[in-house]
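Observations on the three-dimensional arrangement
Here is how the chains run, residue by residue.
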Amino acid sequence: MARFRLRFLLQEVDLRQSETTIGRSPDCHITIEDPLVSREHARLILADGEASVADLGSRNGTLVNGERITGLRALRDGDRIRIGTQEFVLSRLSDGPQSPTRRTGFLTRCASCSTPYPEEAPACPTCGGTVKVDEDTMSGAVPTDPSNWPLQLLVEVLTRATANERWPDVERLLARCRSNVDQRVAAGQALDVTRLAAIGQACCAFAAENGDPGWVRWLLSVHSALALTPTPQFVDGLEALPSSIRTAIASEAWALADSLRQRADTGGVGERLESLAARSPG
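The present account deals with the structure reproduced in this document.

Conventions adopted
- Residues numbered from 1 in each chain as written.
- Predicted model: local features only at pLDDT ≥ 70, side-chain atom pairs only at ≥ 80, totals over all residues.
- Heavy atoms only, no water.
- Helix = DSSP H or I, 4+ residues; strand = E, 2+ residues; numbered from the N terminus.
- Buried < 20%, exposed > 50% of the residue type's maximum accessible area, 1.4 Å probe, protein only.
- Polar contact = N/O pair within 3.5 Å; in protein donor to acceptor, adjacent residues only side chain to side chain.
- Core = buried A, V, L, I, M, F, W, Y, C linked by side-chain atoms within 4.5 Å.
- Expected span 1.5 Å × (residues − 1).
- Contact = heavy atoms within 4.5 Å.
- Arc of directions from axis to C-beta.
- Salt bridge = Lys/Arg side-chain N within 4 Å of Asp/Glu carboxyl O.
- Axes fitted to C-alpha atoms, helices over the stretch in contact; angles between N-to-C directions.
- Parallel < 35°, antiparallel > 145°, perpendicular 65-115°, else oblique.
- Left-handed = near helix turned anticlockwise from the far one by under 90°.
- Nonpolar A, V, L, I, M, F, W, Y, C, P; charged D, E, K, R; others polar.
- Pairing = 2+ DSSP bridges.
- Phe/Tyr/Trp six-rings, centres within 6.5 Å; stacked < 30°, edge-to-face > 60°.

**As for the overall build of the chain**
- A count of helical and extended segments in the chain gives eight helices and 14 strands.
- Expressed as a percentage of its 282 residues, the buried residues of the chain come to 46%.

Right under this line is the structure:
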């Protein structure tokens, strides 16, 4: 008799009942605190030794292996189910004398991009790499992960929400990104400037739409605290802001430019920040 487990965020859940509902509601079997997850988002169904998933009319949809599903979708061992910012991996376990014993509850880490994923998977689901870090991680243990997988998922959804101009969702997702980033800054952990640039695009878009410079000022301060050179794309977004927003962020722009002044490898970013602050009205 086949058994199934669902793995997510370095944890796993045994699927024992015939139906498992996933959503934001506390009444669901698996509750996800995510603004892009509907109250009752998707349902996993076990019947006759097989597993399937159905979207429950959610606003943002359910994806299996990157493809948005309609109706009932049969699942195979190792299939990836994306709901909001969370990615679940279905694991099929077989009992019986003819079935090999499989270890469960273990993840490995990709040697190329550091993404954690189930060790029985043939390749990394993010970059396709097949070289694994030689270490075991029990489910439920959260190691120091330089790839910052939760932030990567948040940034992906934030980018889509910004492109679709869903501003309440953008603000909620920015708050979650800020919590993640601030924790890493306090712990002295590294951050990927390309992800910060993606967050920066959302900050600039939100500021331009709502006239609120707070998110931009925060992200400039993060760059200053970590002595990070912002990407030219982030600076492009800053320069395109309305003059009132540029005035509001002038002090943070000056502070970051000052921290970069002694560095010779900024590609002109420091000078652009100084110019941006200097030409702000007021």
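Structure shown, so let's carry the discussion forward.
**Let's talk about the side chain of Gln-86**
- Along the polypeptide, Gln-86 turns up in strand S11 (residues 86–94).
- With a relative accessible area of 10%, Gln-86 lands in the buried category.
- A polar atom in the side chain of Gln-86 sits 3.2 Å from the side chain of Thr-85.

**What to know about the nonpolar core**
- With 43 residues, the main nonpolar core has Leu-174, Ile-199, Val-216 and Leu-238 as its most contacted residues.
- No other element matches the seven residues that helix H3 (residues 193–210) contributes to this core.
- Ranked by size, the runner-up nonpolar core spans 21 residues in total, among them Phe-8, Ile-22, Ile-32 and Ala-42.

**Topic: helix H4 (residues 214–226)**
- Taking 1.5 Å of rise per residue, the 13 residues of H4 would be expected to cover 18 Å, and the 19 Å separating its terminal C-alpha atoms lies within 8% of that figure.
- Three or more residues of H4 are buried, namely Trp-215, Val-216, Trp-218, Leu-219, Leu-220, Val-222 and His-223.
- Buried-residue contacts for H4 involve helix H2 (167–186), H3, helix H5 (232–239) and helix H7 (250–260).

**Overview of H5**
- Buried within H5 are the following residues: Phe-234, Val-235, Gly-237 and Leu-238. In an axial view of H5, the angular spread of the buried residues amounts to 155°, which keeps them on one side of the axis.
- Looking at the buried side of H5, the elements it contacts are H3, H4, helix H6 (243–248) and helix H8 (269–278).

**Brief notes about the pattern of salt bridges**
- Counting across every chain of the model gives 13 salt bridges.
- The partner of Glu-50 in a salt bridge is Arg-92, and the shortest N-O contact between them spans 3.5 Å. Remark: Arg-92 occurs in strand S11 and Glu-50 occurs in strand S6 (residues 50–55); sequence separation between them is 42 residues.
- Taking the relative accessible area as the measure of exposure, Glu-50 reaches 43% and is therefore partly exposed.
- For Arg-92, a relative accessible area of 25% gives the class partly exposed.
- Between Asp-169 and Arg-166 there is a salt bridge, with the nearest N and O atoms lying 3.2 Å from each other.
- On the basis of relative accessible area, Asp-169 is assigned to the buried category, the value being 3%.
- One network of salt bridges, with partners in common, ties together Arg-59, Arg-166, Asp-169 and Arg-172.

**What about the packing of H4 against H7?**
- Packing of H4 against H7 brings their axes to within 9 Å, and their N-to-C directions diverge by 15°. For the element pair H4 / H7, the angle class is roughly parallel. The handedness of the crossing between H4 and H7 comes out as left-handed. Contact residues: H4 offers Arg-217, Leu-220, Ser-221, His-223 and Ser-224, while H7 offers Glu-252, Ala-253, Ala-255 and Leu-256.
- Class assignment of the residues belonging to the contact of H4 with H7 gives a composition of four nonpolar, three polar and two charged.

**Side note on the sheet that holds strand S3 (residues 19–23)**
- Within the open sheet, the five strands sit side by side as S4-S3-S5-S6-S9. Their pairing is mixed. Of all strands in the sheet, those bounded by a partner on one side alone are strand S4 (30–31) and strand S9 (72–75).
- In the sheet, strand S5 (residues 42–47) pairs with S6 via six bridges, with the strands oriented antiparallel. Bridged to Arg-43 within S6 is Ala-54.

**Structural notes on the side chain of Thr-231**
- As for its position among the elements, Thr-231 is in the loop between H4 and H5.
- Residue class for Thr-231 comes out buried when judged on its relative accessible area of 12%.
- With residues up to four places along the chain from it excluded, the contact list for Thr-231 reads Val-193 and Ala-197.

**Examining the packing of aromatic side chains**
- Counted according to the given criterion, the structure contains two aromatic pairs.
- Plain terms: the ring middles of Trp-167 and Phe-206 are 6.4 Å apart, the flat faces sit at 65° to each other, and that makes the pair edge-to-face. Highlighted residues: Trp-167 in helix H2 and Phe-206 in helix H3, separated in sequence by 39 residues.
- By relative accessible area, Trp-167 is classed as buried at 14%.
- Given a relative accessible area of 4%, Phe-206 falls into the buried group.

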